[in-house]
Amino acid sequence: MDTQKLIRKNKKIKMLEDENKRLKALIKTHFDSSEQLRLDTFNTVEALKSEFHYLRDELIIADKGSKLASERKSTARTYFK
């Protein structure tokens, strides 16, 4: 009787250990994939920020060029009147 209880208990312990190993592996897989997703998201955000700053700078340059052209036209009109 005691031997059978001990055998059942050992089987249950073995099952629990196996389940524990499986769950640890599953958690590691989820962690690795979430870390990769975090890095991908970070890289995407950095690329978008860089593109935004580039476009902003282009607009500023275009706006300054437009203002200079307007000022030149205004100055030219003053001289030729």
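Now for a quick tour of the structure. (Residues numbered from 1 in each chain as written. Predicted model: local features only at pLDDT ≥ 70, side-chain atom pairs only at ≥ 80, totals over all residues. Heavy atoms only, no water.)

Across its full length, the protein carries one helix and zero strands. Evaluated residue by residue, the protein yields a buried proportion of 0% over its 81 residues. If you sum the accessible surface of the protein, you get close to 8000 Å²; carbon and sulfur atoms cover 63% of it. (Helix = DSSP H or I, 4+ residues; strand = E, 2+ residues; numbered from the N terminus. Buried < 20%, exposed > 50% of the residue type's maximum accessible area, 1.4 Å probe, protein only. Areas by Shrake-Rupley, 256 points an atom, 1.4 Å probe, with all protein chains shown as cover.)

For the rest of this paragraph, the subject is the pattern of salt bridges. Taken as a whole, this structure holds six salt bridges when the rule is applied. With a shortest N-O distance of 3.3 Å, E46 and K49 are connected by a salt bridge. Residue E46 and its partner K49 are both found in helix α1 (residues 2-80); the two are separated by three residues, about one turn of the helix. Overall, E46 belongs to the partly exposed group, its relative accessible area being 33%. Using a relative accessible area of 41% as the deciding quantity, one classes K49 as partly exposed. Between D57 and R56 there is a salt bridge; the shortest N-O distance is 3.1 Å. (Salt bridge = Lys/Arg side-chain N within 4 Å of Asp/Glu carboxyl O.)

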